[in-house]
Amino acid sequence: MAFTFARYRRPFTVDGVSCEVVMRAKIDGLHSELRVAGMAQASDYTPATGPEAIRNHCLAGLLPSGERFEVEAGYISWVSVGIAVRRDGQTVHESHPGRTIAFPNSAVKMTA
């Protein structure tokens, strides 16, 4: 079990259903989990170093109605993460509207 440096919670709703992405920055990398109506549905992980360290997390969710949605999650700065929720290719929620979800360019060389 790796030490957790930071934990980020990004709550949102889709069709009135409460959802949340929880991301944990740990010594071994970034861990994410999608919860829909309190139940874990998807998770992703990127290591702290190497080429995989800079990719965004992709989480797929399923609503009680049977409809699917996707969440893109990742760093928006050195110290914060953001999410974008999409259904049928349309953005239905952004935790930080207008911000690009991408590993900071200034940090990319540190992951090599």
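What counts and how
- Residues numbered from 1 in each chain as written.
- Predicted model: local features only at pLDDT ≥ 70, side-chain atom pairs only at ≥ 80, totals over all residues.
- Heavy atoms only, no water.
- Pairing = 2+ DSSP bridges.
- Helix = DSSP H or I, 4+ residues; strand = E, 2+ residues; numbered from the N terminus.
- Axes fitted to C-alpha atoms, helices over the stretch in contact; angles between N-to-C directions.
- pLDDT = per-residue confidence, 0-100.

Asks: Quick question: what am I supposed to make of the pairing of strand β8 (residues 90–94) here?
Replies: Each regular strand shows side chains that alternate between the opposite faces of the sheet. Across four bridges, the pairing between strand β7 (residues 81–87) and β8 is antiparallel. Residue pairing for β8: Arg 86 is matched across the bridge by Thr 91. In this antiparallel pair of consecutive strands, β7 and β8, the connection spans two residues, and Asp 88 shows a positive phi of 55 degrees.

Asks: Got a minute to help me understand the sheet that holds strand β4 (residues 39–47) in this structure?
Replies: Consider a sheet: its strands pair through backbone hydrogen bonds, and that pairing is either parallel or antiparallel. Pairing within the open sheet is antiparallel, and its four strands lie in the order β1-β2-β3-β4. The two strands at the open ends of the sheet, each matched to only one other strand, are β1 (4–14) and β4. The average undirected angle you get between the axes of adjacent strands in this sheet is 15 degrees. In terms of strand pairing, strand β2 (residues 17–26) meets strand β3 (residues 29–36) through eight bridges, oriented antiparallel.

Asks: Please explain the confidence of the model for the protein as it appears in this structure.
Replies: A low pLDDT means the predicted coordinates there should not be read in detail. Of the residues in the protein, 92% reach a pLDDT of 70 or more, and the chain-wide mean stands at 91. When pLDDT is averaged over each element of the protein, strand β5 (residues 57–62) comes out on top at 98 and helix α1 (residues 105–108) at the bottom at 62.

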